[in-house]
Structure formats: structure tokens, C-alpha cells
Amino acid sequence: MPRKKQPKNLSQARKLRREMTLPEVLLWNLLRRSPDGIHFRRQHELGGFFLDFYCARAKLCIEVDGIAHNMGDRPQRDEARNAALAAMDVETMRIPASEVLKSLEEVAEALVRRCKR
């Protein structure tokens, strides 16, 4: 029997999961265990966007931004994306990758606290 073809967004999400940056991998290693009962998803597709991390309970998108997010038209694209997600009642929290590398546990704890509110 032939294998069923995967939807494009599922294949893209799987590809993004395989290609996560070091700060994303480190943060995921803490968030994947559902700290304090808060469930996070990684590379979650929502409204045509792939979110680095998503907490459905808090309707929170978490983006780990590297230096490229400060260059070219990227800040404007990020703002447009934030606005599109806000229209879906999803808040976006942007965390610099350097902050994740510097204070991994503190970042994870802050995310859990935010999602528990």
C-alpha cells in the first residue's frame, strides 16, 4: 500500500524541528518536560506561520531571535507577523538568542511563570 503523502505544513514543521538553532534546542530541552504542567509545542504551525514555541493554554508564541532579526526588513516582517498573530488572539514574546545562551534556566522559568498567569 502506498504511503500517504504528508501535508506540506507538517513536512515543513518536521524540517524546522531538525534544523533548530542551539538556543532553541537548549530551551526546548527544558520546556519539553512540561514544567509545572505547562505544555509547550515546538515549530508549531498557526495561521501560516511556524512558531518557535507555542503554549496553547496561554495563547503565547515564543520566538527566539538571533542577530538576523535586527537586520534588513526583518524587524518590519516580525512586527507584521506579531500583528497577524495578535489578530488571532495570540501574544508574541521575543527573546534574544543571546539571552537564552546566557541565562537559560531563568528564561525557561520566566516563560513558565508567564504561561501560568
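Structure's up top.
Conventions adopted
- Residues numbered from 1 in each chain as written.
- Predicted model: local features only at pLDDT ≥ 70, side-chain atom pairs only at ≥ 80, totals over all residues.
- Heavy atoms only, no water.
- Helix = DSSP H or I, 4+ residues; strand = E, 2+ residues; numbered from the N terminus.
- Buried < 20%, exposed > 50% of the residue type's maximum accessible area, 1.4 Å probe, protein only.
- Contact = heavy atoms within 4.5 Å.
- Areas by Shrake-Rupley, 256 points an atom, 1.4 Å probe, with all protein chains shown as cover.
- Phe/Tyr/Trp six-rings, centres within 6.5 Å; stacked < 30°, edge-to-face > 60°.
- Expected span 1.5 Å × (residues − 1).
- Arc of directions from axis to C-beta.
- Core = buried A, V, L, I, M, F, W, Y, C linked by side-chain atoms within 4.5 Å.
- Pairing = 2+ DSSP bridges.
- Axes fitted to C-alpha atoms, helices over the stretch in contact; angles between N-to-C directions.

(A) Up close: the overall build of the chain. Secondary structure summary: the chain contains five helices and four strands in total. Beginning at the N terminus, the succession of helices and strands in the chain can be written as α-α-β-β-β-α-β-α-α. Taken over 117 residues, the chain has a buried fraction of 36%. Considering only contacts in the chain between residues 6 or more positions apart, those separated by 24 or more positions represent 59%. A total of about 7500 Å² of accessible surface is found on the chain, and carbon and sulfur atoms cover 53% of it.

(B) Structural detail: the packing of aromatic side chains. The full count for this structure, using the stated rule, is one aromatic pair. Relative to phenylalanine 53, the ring of tryptophan 28 lies with its centre 6.1 Å away and its plane at 15°, an arrangement referred to as stacked. Note that tryptophan 28 is positioned in helix α2 (residues 22–31) and phenylalanine 53 in strand β2 (residues 49–55), a separation of 25 residues in sequence. Residue tryptophan 28 is classed as buried on the basis of its relative accessible area, which comes to 12%.

(C) Fine view of helix α5 (residues 104–116). End to end, α5 covers 19 Å across 13 residues, agreeing with the expected 18 Å (1.5 Å per residue, within 8%). Of all the residues in α5, the buried ones are Leu104, Val107, Ala108, Leu111, Val112, Arg114 and Cys115. Down the axis of α5, the buried set is contained in an arc of 160°. They therefore lie on one face. On the buried face of α5, the contacting elements are α2, β2, β3 (60–65), β4 (91–96) and α4 (97–102).

(D) Fine view of the nonpolar core. Counting 21 residues, the largest nonpolar core has Leu27, Leu31, Phe40 and Phe53 as the members making the most contacts within it. Among the secondary structure elements, those contributing two or more residues to this core are α2, β2, β3, α4 and α5. In terms of residue count, the dominant contributor to this core is α5 (six residues). Aside from chain neighbours lying at most four places away, what touches leucine 31 is Phe40, Phe53, Ala108 and Leu111. In terms of nonpolar packing, the next biggest core, distinct from the first, is built from five residues, Leu51, Tyr54, Cys61 and Val90 among them.

(E) Representation of α2 in the model. Buried residues of α2: Pro23, Glu24, Leu27, Trp28 and Leu31, and no others. An end-on view of α2 places all buried positions within 130° of arc, on one side of the element. The inward-facing, buried residues of α2 abut β1 (41–46), β2, β3, α4 and α5.

(F) Quick peek at the sheet that holds β3. One open sheet holds the four strands; their spatial order is β1-β2-β3-β4, and the pairing between them is mixed. In this open sheet, the two strands that pair with only one neighbour each are β1 and β4. For this sheet the average axis-to-axis angle between neighbouring strands, irrespective of direction, equals 45°. As paired strands, β2 and β3 are joined by three bridges and run antiparallel to one another. Bridged to cysteine 55 within β3 is leucine 60. Running over the sheet, α2 touches β1, β2 and β3 and is turned about 35° from β2. Along the sheet, α5 makes contact with β2, β3 and β4, crossing β4 at roughly 170°.

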